[in-house]
Amino acid sequence: MPIYKSNEQNALSLFVSRSVVMMVSNATYVTSTNYTRYIPSLLTSATVIAADGLIAIVGTLGNLLVLTVIFVHIRFSTVSNILIANLALVDLLTASALIPGDIHRHVCDRMGYCHVDKTFVLIHRILAQFVITAASTSLFVIAMERFIAIAFPFRYKSLFTRKRAIACAVLTWTLGTVITGIFNGLNIVYIQVIYCILLILVTFFLYIYIFSIALKHENNIAAMQSSFSPRTTQLPWERRSAKTMAIVLGVFTLCWVPSVAFYSVVQRDDWLYPRMHFWMNTVYYLNAALDPFIYCARSEKFRNSVKKLFKSVISAHS
């Protein structure tokens, strides 16, 4: 017995000498001979989880509302609605699957309350890369559709049919899968970042060109004969629609660029990485919850459809 007691004391002293737990600024640092692991404070973790949880709930309900309105009330009346529904599906995937997965990882892995399976981490990382790529592609497709509607108004219906819009929506998910597969399967790290940045830059230039064309067309139409007067009511609507989607693109960029800059500059073993990377994720997730509010604020037709939907639901349960 004395021998075993001595061995336990030696093991305990060796463990204490090799692993030191320090509390600094309400955060825990577990230091060993091999690594130093930062564990966020309870207040920081609770704030991150509450923010992500709120974004997930609002984003899921908001994008479900967008899809319900488009499916049930508007019934894909325009090509634009098909493409907006496609973007809402990507946002719904972010809010309903990606964010809850990040909350689970934060509670288990970062706070150290439970174990996270490596397969789950891999699937979550692949999903995160997919939704970013799919969202960027979807915004580019919407910009192309608005460009054709304003630059070629008389050929728009023949150039951008419903079948082509559905094909573009399928292409969005296909490209997201392919780019993500190249990123993970071939380990070409920067392909996703380069692809998304180039796509967003092209999309921005497209919107600048769209607004310049729209303004020029409006000035020309104002000076034309009355035979062209039917287009005077349509073009301002198309310009407003393009402006709405430009706002959506701007919000996406504002939410996404900080994450790109952070993960491109800060390495995993840097002091700043474990303290900031979950906040960068939260900023990006915010985009998925804001888009439905933008649609509602910018589109009177969408607001009226939402009111009709709620009225029909209330009358059905009354």
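The shown structure was predicted, so the numbers you read here are calculated from the model rather than taken from an experiment.

1. As for the packing of aromatic side chains
- Counted according to the given criterion, the structure contains twelve aromatic pairs.
- Aromatic pair F130 and W173: ring centres 5.4 Å apart, planes at 45°, arrangement tilted. A residue pair is termed long-range when its members are at least 10 positions apart, and F130 in helix α4 (residues 118-151) and W173 in helix α6 (residues 162-185) qualify at 43 residues.
- Among the residues examined, F130 registers a relative accessible area of 11% and is labelled buried.
- Relative to Y263, the ring of F262 has its centre 5.3 Å away and its plane inclined at 80°; by these criteria the two rings are edge-to-face.
- Put simply, the rings of F252, W256, Y284 and Y285 pair up and form one aromatic cluster.

2. What about the confidence of the model for the chain?
- Averaged over all residues, the pLDDT of the chain is 78; the fraction at 70 or higher stands at 77%.
- Below a pLDDT of 50 lies the segment residues 1-35, which in the model reaches 32 contacts outside its immediate sequence neighbourhood of four places, other chains included.

3. Observations concerning the packing of α4 against α6
- Viewed as axis vectors pointing N to C, α4 and α6 meet at an angle of 140°, and their least axial separation amounts to 8 Å. Taken together, the axis directions place α4 and α6 in an arrangement best described as oblique. Our pair here, α4 against α6, has a crossing hand that is right-handed. The residues of α6 that touch α4, namely those facing R125, I126, Q129, F130, T133, A134, T137, S138 and V141, are C168, T172, W173, L175, G176, T177, I179, T180, F183 and N184.

4. Digging into the pattern of salt bridges
- A full pass over the atoms with the stated rule returns one salt bridge.
- As a salt-bridge pair, E145 and R146 come within 2.6 Å of each other at their nearest N and O atoms.

5. Section: the environment of V58
- You can see V58 is positioned in helix α2 (residues 42-74).
- C-alpha of V58 to C-alpha of A289: the two residues are 231 residues apart in sequence and 5.8 Å apart in space.
- In this structure, V58 is in contact with A289 and F293, ignoring residues within four places of it in sequence.

6. What to know about the nonpolar core
- Residues L83, V131, F160, Y207, M245, W256 and Y295 are the most contacted members of the largest nonpolar core, which totals 65 residues.
- Per element, the largest residue contribution to this core is 15 residues, and it comes from α4.
- Beyond its immediate sequence surroundings of up to four residues, F160 is in contact with V79, L83, M144, E145, I148, A165 and C168.

7. Some details on the packing of helix α9 (residues 273-298) against helix α10 (residues 300-316)
- With their axes 5 Å apart at the nearest point, α9 and α10 run at an angle of 105° to one another. With respect to α10, the element α9 is oriented roughly perpendicular. On α10, the residues touching P292, Y295, C296, A297 and R298 of α9 are E300, F302 and R303.
- Among the residues forming the contact of α9 with α10, the class breakdown is five nonpolar, no polar and three charged.

Reading the values: rules and limits
- Residues numbered from 1 in each chain as written.
- Predicted model: local features only at pLDDT ≥ 70, side-chain atom pairs only at ≥ 80, totals over all residues.
- Heavy atoms only, no water.
- Phe/Tyr/Trp six-rings, centres within 6.5 Å; stacked < 30°, edge-to-face > 60°.
- Helix = DSSP H or I, 4+ residues; strand = E, 2+ residues; numbered from the N terminus.
- Buried < 20%, exposed > 50% of the residue type's maximum accessible area, 1.4 Å probe, protein only.
- pLDDT = per-residue confidence, 0-100.
- Contact = heavy atoms within 4.5 Å.
- Axes fitted to C-alpha atoms, helices over the stretch in contact; angles between N-to-C directions.
- Parallel < 35°, antiparallel > 145°, perpendicular 65-115°, else oblique.
- Left-handed = near helix turned anticlockwise from the far one by under 90°.
- Salt bridge = Lys/Arg side-chain N within 4 Å of Asp/Glu carboxyl O.
- Core = buried A, V, L, I, M, F, W, Y, C linked by side-chain atoms within 4.5 Å.
- Nonpolar A, V, L, I, M, F, W, Y, C, P; charged D, E, K, R; others polar.

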